[in-house]
There are 2 protein chains.
Amino acid sequence: MNPNQTVEDESQPSITAMTRRIQRLSIHLTPLPLFQPSPQLNMLTCAKANKLEFDKGSLSSYMRGKYRESQEKVLEFFKSRPYLQTPIEISMNEHRELCMRQLMALVREAKIKPFRYIVEDPAKYFAIAEAVGNIDISLGIKLGVHCSLWGGSVLNLGTKKHRDKYFDGSNVQGLQTIATFDRITDEFIIDTPNDGAIKWWIGNAAVHGKFATVFAKLILTTHDSKGDSDMGVHGFIVPIRDLKTHQTLPGIEIHDCGHKIGLNGVDNGALRFCSVRIPRDNLLNRFGDVSRDGKYTSSLPTINKRFAAMLGELVGGRVGLASSSVGFLKIAVTIAVRYSLLRQQFGPPKQPEVSILDYQSHQHKLMPMLASTYAFHFATRDLVDKYSEIKKTHNEQLVGDVHALSAGLKSYVTSYTAKSLSTCREACGGHGYAAVNRLGSLRNDHDIFQTFEGDNTVLLQQVAGDLLKQYKDKFQGGPLSVTWNYLRESMNTYLSQPNPVTARWESADHLRDPKFQLDAFRYRTSRLLQSAVARLRKHSKTHGSFGAWNRCLNHLLTLAESFIESVILAKFIEAVQNCPDASSRAALKLVCDLYALDRIWNDIGTYRNVDYVAPNKAKAIHKLTEYLSFQVRNIAGELVDAFDLPPYVTRAPLAMKSEAYAQYTQLVGF
Amino acid sequence: MNPNQTVEDESQPSITAMTRRIQRLSIHLTPLPLFQPSPQLNMLTCAKANKLEFDKGSLSSYMRGKYRESQEKVLEFFKSRPYLQTPIEISMNEHRELCMRQLMALVREAKIKPFRYIVEDPAKYFAIAEAVGNIDISLGIKLGVHCSLWGGSVLNLGTKKHRDKYFDGSNVQGLQTIATFDRITDEFIIDTPNDGAIKWWIGNAAVHGKFATVFAKLILTTHDSKGDSDMGVHGFIVPIRDLKTHQTLPGIEIHDCGHKIGLNGVDNGALRFCSVRIPRDNLLNRFGDVSRDGKYTSSLPTINKRFAAMLGELVGGRVGLASSSVGFLKIAVTIAVRYSLLRQQFGPPKQPEVSILDYQSHQHKLMPMLASTYAFHFATRDLVDKYSEIKKTHNEQLVGDVHALSAGLKSYVTSYTAKSLSTCREACGGHGYAAVNRLGSLRNDHDIFQTFEGDNTVLLQQVAGDLLKQYKDKFQGGPLSVTWNYLRESMNTYLSQPNPVTARWESADHLRDPKFQLDAFRYRTSRLLQSAVARLRKHSKTHGSFGAWNRCLNHLLTLAESFIESVILAKFIEAVQNCPDASSRAALKLVCDLYALDRIWNDIGTYRNVDYVAPNKAKAIHKLTEYLSFQVRNIAGELVDAFDLPPYVTRAPLAMKSEAYAQYTQLVGF
């Protein structure tokens, strides 16, 4: 992301060698006979001559998820029902009502069964949620709050009796909230102790929710010297509105959070409980139960273990957000790339204007982003697969992996997408600012993805904490989870890697070798991890563990990001290798190289500081990155086509009647 | 902007020396007796003990613009008229009408005379425009389109007859549009030759505009072998709607651009002209005129000179945007800093939670941003002063300066502000997402500042082009403009600077020496400029000038940004030195050091690549930057107070009745 590092001096002997290598390389990349361009054309676009030809169909089918048909069914359902489409301009109250109608229609008319998918096939659920988000992100979130958060809490934390009884409601967390058991009436009494414990931003609470899952500290009378005992946080199903009259129930106070930057189809509210009584059966009792006479039983021995088990069941939301976020990034990149290919501006004297994507600066904005979109696609698909697997096998090591990976990918991907949505708007100039072209609503709706289901800065710290724990375990001979394997296998190898010889290797063959790329990523992670351990140890002596952690916080966040990047690259390299069609594989390899080298170049200061790369190698990396951007630009149209997004998702909103849209399409020639 | 570069290894002997130096330094910074904190407090906040004490009042009055009272009058006017305040939720059509009523009230009731200020005191005009933008950015832009763009074109390009006649209308540019002179009727005929020449996004065109300034190629019959001659682009006043009926006039086609991401109070439209006849007097004839018999006269010899003179008169818009953009950045930083000081989360075991601004990661997000806001404040204030001066003196060198500086600062500042508005939202978590807290509307309204009045990427290229021209002039002995002086004075000195001795100096005294900082910024600019010249020369042989420019585009953009940064730093250093109160000066020095070192650290790869700084010096810069962030955090509340923004601008929108707002204030304790 740092465009400020520039190769300044080209008058090095190595540059001509570099050019020769690149030429050689381009021949490898182009199995078809080279089209000989006119010097003129070559001058304009630099690399168009070497355009890589590949089988679009096979790349597209490699990218296509296995639930694509289900997604298309959802999109078709809304396409054929204009009265269910969200118009460009809509008031908050109308949007809330429309969103509720959309959700009801999805379940009742389109016969989508999200609760069933959550249980039987989570990957299908995430695919449906992504498609629903393409109709309106508010609808995607409303579905997620209702099904994944509320439904998921009941399904994952409750037992059969809950699954049988509830499938309609909302979601709450409020860790200062208290649930005391009243043996006389066989009820729990839920209380919000103070204003600060009011839980804000609960989706569906302001208007539509009928039930809430409330997380509260369970307090039981122990009949010993202590009197009361805190058994830790448990989930409780609390009715908040009358099922028939929809009136707020006694003891429940609901505040409307009001108008938001985006997602105004979702009615967020704040909840406060004042001695609200619920039957004992409403405790979600999978990890801990209370008997009729007030005795506590649990398969897990400590409060912390129960809390961890409970939280572990709630990672589905993060998996869904990471996956949806990539979906929105695809839409934005597709819009921006197509617009930039069509839109022409300026050009050489007395010649036609050139496509704005032919400008190096525009390639710099969009091509690494396109490469990252591919990278995130494979990484989040893998996460969804892993999540589906743990729902079936409950493999403990994999559970740990999914927990850290979902936190890491959710935060890394949503932060990246948020920035990119702004960049795409800028890349489309004034037309990007027209509401009809969606980039504004995508950004406003997606913005909060960075904050809900765990603030990104907090989640990255979880990843860092997990890495530190793994590091400690490694040296104590304990088990390492799958994704972290390389730390055990070769951390010492990585750390001993930089040497004056390889630091000077600068051929394109070397720089495009997946081993060099992955080594560089992992070296960086290993080094950051090792030095974080040393810094934390040093500071904790004088400042305690909290003070030491805070003093190393930027370092730890960088470590977490670096780690996530290495996971993403590893998955991308694997996906390139597994691609069955040779020409598609060559295209993916090009994109993967751009992803890897652009990331290395962005952190070039770090690599230079420890002499992992020599100055001329740094320059070679920069040159090659620019060259790869040119190359990817030449197939950018085909690469976004391979995302295979339906036209009414990428070209315009569903409300096609807008006059502005007609004019826009006329102008850019869609 | 690159948080990924982290000092990894603290086990260096120099670090303890560093700590000693920092301790010594903190004594210099704190002239008052040191408050001895408890070790506990020290552990939490690291630097609170060394809090710099300074006279808030004197800093505030140093920062305060001389038109502050006029600004407050505007704000008070709207505060006391709730019916003129923009509600949180408003439809596009209502917003457009409200915005028009606000503008009329501003002129008719509040007796603001923007046209007079534009002529007599541009700095006052910009101050009023900023205050008006604080009411609603749409209103600020509607005022700007009406007064600065349309009014400015008439005032600056027209002659007395125009100033006397027109003060009501709108603005258009459309460089393919043609104006031919009809000698028989003494009229110009305005024509839009094709769809592509339709000018989009003209402010006030969709609904309210009555006149438009149309830029068109003037075609005159020459009665020689050529037949017709293109005299270049000229401005024409074209009535677009009937003054009484407000009906669109014959031959004028107006399209509504529709709903936008933001600024929906401004009615943007597209205009098309079909043989529209206007009197000869409607030519804005300051730089070129047509006589009754169709003869052309001009004080300027060529089309290019006339075009440049005309464009030169239109830089006011950019000056205004740069200045307003800093105003919005101040609002957002103030909201985010105050929220982050009040909001507490987590903390050491069994102790109260700490303010989220005590987290290193949060400081990393907000403190360099706060420092940049101060830096931009002084740089744009200087630009406004320079602009006011050229309007009086027409000093040619200064005109050149203002032209490049307004392009550079507009693009640099608006890009920075756009990113920062997102960061501020994230820093305020869920509450930042509530519409009532303004960060969403600020971002959406401000977003297009990056695109209109010249796309930022295009404007930076103008700056780069200007630098290259200056460089060429230098070696040909020509004159250099004021701001570029250092290139003449000492470019060679800068380029010979890096040497193995100074590259190793790493004391805080050295790193905080303005000379070191400015040298580093200017070294980078000089080097980028020198290498750009070499690269362009090399590429232009094989690829022509257009191809060469495009191949070096990222490099040239970095050069332009680097140059603007060096101008900003120079102005900041000057402002520190000129501050009359010693304690305020110490506070400003702290902020200026953070600005300078944070920027150097962000480009550390570049400095390392050429061994301008040795590895340990790079680490020392990073450590000191983090330390300065801690220090600035300790006076962050006072620093935002010194912006002296009225409470109803920073704390909440004008519509205070919202229930959500009441709850928000309750929650965070404002």
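Residues numbered from 1 in each chain as written. Chains lettered and ligands numbered in written order. Predicted model: local features only at pLDDT ≥ 70, side-chain atom pairs only at ≥ 80, totals over all residues. Heavy atoms only, no water.

Looking at helix H23 (residues 615-634) of chain B
A rise of 1.5 Å per residue sets the reference length of H23(B), with its 20 residues, at 28 Å; its end C-alpha atoms lie 29 Å apart and thus fit the reference within 8%. Among the 20 residues that make up H23(B), 18 are buried, leaving the element largely enclosed by the rest of the structure. (Helix = DSSP H or I, 4+ residues; strand = E, 2+ residues; numbered from the N terminus. Expected span 1.5 Å × (residues − 1). Buried < 20%, exposed > 50% of the residue type's maximum accessible area, 1.4 Å probe, protein only.)

Observations concerning the pattern of salt bridges
Residue and element names in this part refer to chain A. In this structure the tally under the stated criterion is 57 salt bridges over all chains. Across the salt bridge formed by Arg599 and Asp603, the nearest N and O atoms sit 3.5 Å from each other. Several salt bridges share partner residues, and in doing so they unite Arg64, Arg68, Glu72 and Asp644 into one network. (Salt bridge = Lys/Arg side-chain N within 4 Å of Asp/Glu carboxyl O.)

A few points about the environment of Gly288(B)
All names here are of chain B. Its place among the elements puts Gly288 in the loop between strand S9 (276-279) and strand S10 (289-290). Judged by its relative accessible area of 2%, Gly288 is buried. With 56 residues separating them along the chain, Gly288 and Gly232 place their C-alpha atoms 9.8 Å apart. The contact partners of Gly288, leaving out residues within four places of it in the chain, are His234, Leu283, Tyr296, Thr297 and Ser298. (Contact = heavy atoms within 4.5 Å.)

Remarks on helix H3 (residues 56-63) of chain A
Residues and elements named next belong to chain A. The complete set of buried residues in H3 reads Ser58, Leu59, Ser60, Tyr62 and Met63. Those residues of H3 hidden inside the fold are in contact with helix H12 (360-393), helix H20 (553-578), helix H21 (582-602) and helix H24 (636-641). Sitting at the head of H3, Asp55 places a side-chain oxygen 3.1 Å from the backbone nitrogen of Gly57. (Polar contact = N/O pair within 3.5 Å; in protein donor to acceptor, adjacent residues only side chain to side chain.)

Looking at the domain arrangement of chain A
All names here are of chain A. Domain annotation for chain A reports domain 1 (56-157), domain 2 (170-304) and domain 3 (313-488 + 509-654). Inter-centroid distance (C-alpha atoms) of domain 1 to domain 2 is 28 Å. Listed as interface residues are 18 residues of domain 1 and, on the opposing side, 25 residues of domain 2. Both faces combined, the contact of domain 1 with domain 2 buries some 1,900 Å², and carbon together with sulfur accounts for 60% of it. Linking domain 1 with domain 2 are two salt bridges. Here Arg96 makes a salt bridge to Asp256, at a shortest N to O gap of 2.8 Å. Here domain 1 and domain 2 share eleven residue pairs in polar contact (both at pLDDT 80 or more) between them. (Domains from an automatic or database assignment. Buried area = accessible area lost by both parts, 1.4 Å probe.)

Some remarks on the nonpolar core
In terms of nonpolar packing, the biggest core is built from 156 residues, with Leu370(A), Tyr374(A) and Phe572(A) touching the most fellow members. Setting aside its immediate chain neighbours within four residues, Phe572(A) contacts Ala371(A), Tyr374(A), Ala375(A), Phe378(A), Leu588(A), Val591(A), Cys592(A) and Tyr595(A). Grouped together as the second largest cluster of nonpolar side chains are 155 residues, Tyr67(B), Leu103(B), Ala322(B) and Ala642(B) included. (Core = buried A, V, L, I, M, F, W, Y, C linked by side-chain atoms within 4.5 Å.)

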